[in-house]
Amino acid sequence: MASASAASSSPATSPNDSATEVEVEEVSALDRLSNKLHELSGTWIPAKFIWRTFGTFILAGQVALRCASGSLNADQLRQQIARIGPATLGVAMLTASFVGMVFTIQFTREFSRLGLTRAVGGVLALA
C-alpha cells in the first residue's frame, strides 16, 4: 500500500519526456559553439563551410593529440591497415584508370580545339 501511495504522489512521466532529454543532450559541441557565437555576434551567421572547416581542424587536433600522447593501440592499427589496404587496391586502381581516361579525353578535346594537338602527349605525361 505504501508503494501505491508513493507511485500516485510522484508525477507521471511519459516516454516522450526521456526522449526529449536525450535529444537535448545530443547537441554537438559545434552546435553549442555556433549558438554561443551567434548570441555574441548578433545577427551574423557564418557560412556552413566555415563551420565544417572549423570542425575538421578540431578533429585533426584530436587525432594529433591522441597520436602524441601515445594512447593508440599499435596492434589494432596494424591489423586495420593490413585488412583495409590490400582490400581497396582493386577499387583504387579501377577508379584511377577511369579518372585517367576521362582526363585524357577532356584534354585531347580541348587541345584539339585550340590547335595544340602536338602538346597533348607532353601534358598527359606530366599529369
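Residues numbered from 1 in each chain as written. Predicted model: local features only at pLDDT ≥ 70, side-chain atom pairs only at ≥ 80, totals over all residues. Heavy atoms only, no water.

Student: Provide a residue-level description of helix 6 (residues 89-114), including the pertinent values.
Tutor: Since the α-helix turns once every 3.6 residues, residues separated by three or four places project in the same direction. With 26 residues, helix 6 should reach 38 Å at 1.5 Å per residue; the first-to-last C-alpha distance of 37 Å fits that figure. Two residues or fewer after helix 6 comes G115, characterised by a positive phi angle close to 80°. (Helix = DSSP H or I, 4+ residues; strand = E, 2+ residues; numbered from the N terminus. Expected span 1.5 Å × (residues − 1).)

Student: Could you give an account of the pattern of salt bridges, naming the residues involved and the relevant values?
Tutor: Scanning the entire structure with this criterion turns up two salt bridges. A salt bridge links R78 to D75; the nearest nitrogen and oxygen atoms lie 3.0 Å apart. Within this pair, R78 and its partner D75 are both found in helix 5 (residues 74-87), separated by three residues, close to a single helical turn. A salt bridge links E110 to R113; the nearest nitrogen and oxygen atoms lie 3.3 Å apart. (Salt bridge = Lys/Arg side-chain N within 4 Å of Asp/Glu carboxyl O.)

Student: Tell me about the environment of G55, residues and numbers included.
Tutor: Turning to its location among the elements, G55 is positioned in helix 4 (residues 48-69). Look at G55 and you get partly exposed, because its relative accessible area is 23%. A C-alpha to C-alpha distance of 9.6 Å links G55 and A29, two positions 26 residues apart in sequence. (Buried < 20%, exposed > 50% of the residue type's maximum accessible area, 1.4 Å probe, protein only.)

Student: Can you lay out helix 4 for me, pointing to particular residues and giving the numbers?
Tutor: Over its 22 residues, helix 4 extends 32 Å from the first C-alpha to the last, a length consistent with the 32 Å expected when each residue adds 1.5 Å. One or two residues past the end of helix 4 sits G70, with phi positive at roughly 80°.

Student: How would you summarise the packing of aromatic side chains if you had to cite specific residues and measurements?
Tutor: Each aromatic ring pair is specified by the distance between its two centres and by the angle formed by the two planes. Under the criterion given, the structure shown has three aromatic pairs. Between the aromatic rings of W51 and F54, the centroid separation amounts to 6.2 Å while the plane-to-plane angle is 80°, which identifies the pairing as edge-to-face. Here F54 and W51 lie together in helix 4, a separation of three residues that amounts to about one turn. Given a relative accessible area of 35%, F54 falls into the partly exposed group. On the basis of an interplanar angle of 70° and a centroid distance of 5.4 Å, the ring pair of F107 and F111 is categorised as edge-to-face. Taken together, the positions of F107 and F111, both in helix 6 and four residues apart, correspond to about one turn of that helix. You can call F107 partly exposed: its relative accessible area is 25%. The exposure class assigned to F111 is buried, which follows from its relative accessible area of 14%. Pairwise contacts between aromatic rings join F103, F107 and F111 into one cluster. (Phe/Tyr/Trp six-rings, centres within 6.5 Å; stacked < 30°, edge-to-face > 60°.)

Student: Requested: an account of the environment of F54, with residues and values cited.
Tutor: A C-alpha to C-alpha distance of 8.7 Å links F54 and L30, two positions 24 residues apart in sequence. F54 has contacts with L30 and L33, leaving out every residue within four places of it along the chain. (Contact = heavy atoms within 4.5 Å.)

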